[in-house]
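The residues making up each chain are set out below.
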Amino acid sequence: MSGEALRIAVIGAGKRAQIGYVKHFAYVQPKAVLAAVADPNPENCQLCLKYAGENVAENVGIYTDWQELLAKETSLDGVIIATPNVLHYKPAIACIELGVPAIALEKPLASSPEECRDITQLARRKNVRILLGFVLRETPFYKKIKELIVSNAIGNIISVQADELVGINTTIVMFRSTWRRYTNLSGGSLLEKCSHDMDLLNWLTQSRPISLNSFGGRRIFQPNPALPDHCFDCPVKQSCMYAETKPIDAPDMANACIFNIESDVVDHQSVQIAYENGVVANFLMNFNAGHKSSSRSISIVGVKGRIWGRLDANQLYHLDYMSGKLSEYNFTNVHSGHHGGDVRHVESFLRSITGDASKDTSNAYDGYLSAMMCFAANRSMAEHKQIHFIYPGNDEILLS
Ligand SMILES: NC(=O)c1ccc[n+]([C@@H]2O[C@H](COP(=O)([O-])OP(=O)(O)OC[C@H]3O[C@@H](n4cnc5c(N)ncnc54)[C@H](O)[C@@H]3O)[C@@H](O)[C@H]2O)c1
């Protein structure tokens, strides 16, 4: 590799780092190499090297401990943090303290309000760039929606309706993964899966929430003592769409009964949000949407028109009320993961290392705000009450 390639380290070398980041080094500019990797699982370190292909530094450092990596690797241009959610905080703080030029920190920002606040405030103080893993902002689908809104194509937004109807492949990752199915490790379904969606609502409405309500729980994946714990000898496996389906990050869990597996995360949740600028948004997450037509979808009503579409169809419509003109957009350049968002996100991260901060596609505060909406929603759901947002300044967000 050329000596000019950016030297990037990975902390947490699981599926996200492998297929969401280093795999794309081959296709993006500026050039980057995997300079170091830290993961207690040596197999995942090796897989990460494999996915980086030719884009691995000659003297790549391989560590089981990220602290050792940060102590020894002193010439890094950027760090990717893709550990499980409860393990974002410590490496993020350490990288900021060290003054690593840029950090690609996976969503959610962190797993508690205090951790999110600390990362956001420290990053601002130390002038360290953090790009959240909000890859959906980078998809042609959501970029077009943003472009239409910014160009005033529908006028002021009145309401947004958005859904995340989760398909089988992602449901089995949420409910069979080693850490996602436990609230104390993932922060719960909404934080793990839909901090993306909270962020999209904020980004598209160009506002911050003032209050929200949430309802939901667990009604689909209920323990069933009549079923065995594994699919092998299950009498109803022919009629179970989850039987023997392999999660990408935990293939050995393919036969664990999705109903009887130990887990405490919710399988459906709705969130209703009132924004500072008057927009009202409704969001619904459901983990039992089958294969076909499971997708994110969105419908935005403005004063002058309407935008709607389904992400999986890569198709979007815009209706202008006065002229009656209906415009249809079809997106074809969507080959990398997350409907084309992954490869663009990696490119944005590498560009953020040397580029102008105002062009960054997201920052720590965006991650803080979206995570706070998930914390607020979980509180609203548990306590059956409306939660209010307070913005006292100094990048702090409080809930009451
Ligand atoms: N942006 C997106 O759309 C998107 C998609 C998938 C996952 N993610 C996020 O990426 C992160 C990782 O998810 P994943 O799917 O790769 O999970 P994973 O379980 O496949 O990988 C996590 C890795 O972290 C490692 N790890 C655990 N403790 C560690 C430690 N102390 N130091 C270093 N590494 C450690 C594990 O060994 C594992 O290799 C999560 O925060 C997840 O929410 C984001």
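Computed from a predicted model, the values in this text were never measured in an experiment. (Residues numbered from 1 in each chain as written. Predicted model: local features only at pLDDT ≥ 70, side-chain atom pairs only at ≥ 80, totals over all residues. Heavy atoms only, no water.)

**Some remarks on the packing of helix α5 (residues 113–126) against helix α11 (residues 364–383)**
The interhelical angle for the contact between α5 and α11, taken along N-to-C directions, is 170 degrees, at an axis separation of 9 Å. Of the possible angle classes, the one that applies to α5 and α11 is roughly antiparallel. Contacts between α5 and α11 involve P113, C116, R117 and T120 from the former and A364, Y365, Y368, A371, M372 and F375 from the latter. Residues that form the contact of α5 with α11 fall into these classes: 8 nonpolar, 1 polar and 1 charged. (Axes fitted to C-alpha atoms, helices over the stretch in contact; angles between N-to-C directions. Helix = DSSP H or I, 4+ residues; strand = E, 2+ residues; numbered from the N terminus. Parallel < 35°, antiparallel > 145°, perpendicular 65-115°, else oblique. Contact = heavy atoms within 4.5 Å. Nonpolar A, V, L, I, M, F, W, Y, C, P; charged D, E, K, R; others polar.)

**Notes on the domain arrangement of the protein chain**
Split into domains, the protein chain comes out as domain 1 (6–135) and domain 2 (137–221 + 263–337 + 364–399). Relative to domain 2, the C-alpha centre of domain 1 lies at a distance of 26 Å. Listed as interface residues are 21 residues of domain 1 and, on the opposing side, 25 residues of domain 2. Taken together, both faces of the contact between domain 1 and domain 2 bury some 2000 Å²; the carbon and sulfur share is 63%. Remark: the boundary between domain 1 and domain 2 carries 3 salt bridges. Counting the contacts that link domain 1 with domain 2 gives 9 residue pairs in polar contact (both at pLDDT 80 or more). Looking at the side of domain 1 that touches domain 2, the elements that each hand over two or more residues are α5 and β6 (129–132). With 6 residues, α5 is the largest single contributor of residues to the side of domain 1 that touches domain 2. Considering only residue class, the side of domain 1 that touches domain 2 consists of 11 nonpolar, 7 polar and 3 charged. (Domains from an automatic or database assignment. Buried area = accessible area lost by both parts, 1.4 Å probe. Salt bridge = Lys/Arg side-chain N within 4 Å of Asp/Glu carboxyl O. Polar contact = N/O pair within 3.5 Å; in protein donor to acceptor, adjacent residues only side chain to side chain.)

**Focus on the sheet that holds strand β14 (residues 326–330)**
The strand order β14-β13-β12-β11-β7-β10-β9-β8-β15-β16 describes an open sheet built from 10 strands, whose pairing is mixed. The open sheet terminates on both sides in strands that have one partner only, identified here as β14 and β16 (396–399). If you compare each strand with its neighbour and ignore which way they point, the axes differ by 15 degrees on average. Here strand β8 (residues 209–217) runs beside strand β15 (residues 387–393); their pairing, made up of 2 bridges, is antiparallel. (Pairing = 2+ DSSP bridges.)

**Some details on the pattern of salt bridges**
Summed over the entire model, instances satisfying the criterion amount to 22 salt bridges. The closest approach of N and O atoms between D360 and R129, which form a salt bridge, is 2.7 Å. Here R129 lies in strand β6 and D360 lies in the loop between α10 (341–354) and α11, a separation of 231 residues in the sequence. Each member of the pair, D360 together with R129, is buried. Each member of the salt-bridge network shares a partner with another, and the members are E164, K193, D197 and R296. (Buried < 20%, exposed > 50% of the residue type's maximum accessible area, 1.4 Å probe, protein only.)

**Overview of the packing of aromatic side chains**
Scanning all chains against the criterion turns up 9 aromatic pairs. For the ring pair F175 and F221, a centre distance of 4.6 Å and an interplane angle of 45 degrees mean the geometry is tilted. You can see F175 sitting in helix α7 (residues 168–176) and its partner F221 sitting in the loop between β8 and β9 (268–275), a full 46 residues away along the chain. Exposure remark for F175: the relative accessible area of 0% places this residue in the buried category. Residue class for F221 comes out buried when judged on its relative accessible area of 0%. Seen from their ring centres, F221 and F259 are 5.7 Å apart, and the 45 degrees between their planes marks the pair as tilted. Here F221 is found in the loop between β8 and β9, whereas its partner F259 is found in the loop between β8 and β9, with 38 residues between them in sequence. Connected via pairs of aromatic rings, a cluster forms that spans F175, F221, Y242, F259 and F287. A cation sits over an aromatic face here: R208 above Y391, 3.7 Å from the ring centre. The aromatic ring of W308 is capped on one face by R306, whose charged end is 4.3 Å from the ring centroid. (Phe/Tyr/Trp six-rings, centres within 6.5 Å; stacked < 30°, edge-to-face > 60°. Lys NZ or Arg CZ within 6 Å of the ring centre and 35° of its normal.)

**Some details on the site of the ligand**
Around the ligand sit 27 residues in total, of which R16, D39, N44, N85 and E192 are the nearest. At a separation of 2.7 Å, an oxygen atom of the ligand approaches a polar side-chain atom of N44. At a separation of 2.9 Å, an oxygen atom of the ligand approaches a polar side-chain atom of H196. Bound to the protein, the ligand loses 85% of the 840 Å² it would expose on its own. For the shell around the ligand, the per-class residue count stands at 9 nonpolar, 10 polar and 8 charged. Mapped onto the domain boundaries, the shell around the ligand takes at least three residues apiece from domain 1 (6–135) and domain 2 (137–221 + 263–337 + 364–399). (Near = heavy atom within 4 Å. Areas by Shrake-Rupley, 256 points an atom, 1.4 Å probe, with all protein chains shown as cover.)

**Observations concerning unusual backbone geometry**
Backbone phi values are negative for most residues with the exception of glycine, while trans is the configuration of most peptide bonds. With an omega of -5 degrees, the peptide bond running from Q29 to P30 counts as cis. Tracing the backbone shows P30 in the loop between α1 (15–21) and β2 (32–38). The linkage connecting K107 with the following residue, P108, adopts the cis geometry, with an omega of -10 degrees. Tracing the backbone through its elements, the reader meets P108 in the loop between β5 (102–105) and α5.

**Points about the sheet that holds β6**
Strands sit in the order β3-β2-β1-β4-β5-β6 across an open sheet of 6 strands; the sheet is parallel. Both edges of this open sheet fall to β3 (56–63) and β6, since each of them pairs with a single strand only. The sheet shows a mean angle of 20 degrees between the axes of neighbouring strands, direction not considered.

**Section: α10**
A turn of α-helix holds 3.6 residues, and therefore any two residues three or four places apart point the same way. In this model α10 runs 21 Å from its N-terminal to its C-terminal C-alpha over 14 residues, within 8% of the 20 Å that 1.5 Å per residue would give. In terms of residue burial, α10 counts as a mostly covered element, since 11 of its 14 residues are buried. Restricting attention to buried positions, one finds in α10 the residues G341, D342, V343, R344, H345, V346, S348, F349, L350, S352 and I353. (Expected span 1.5 Å × (residues − 1).)

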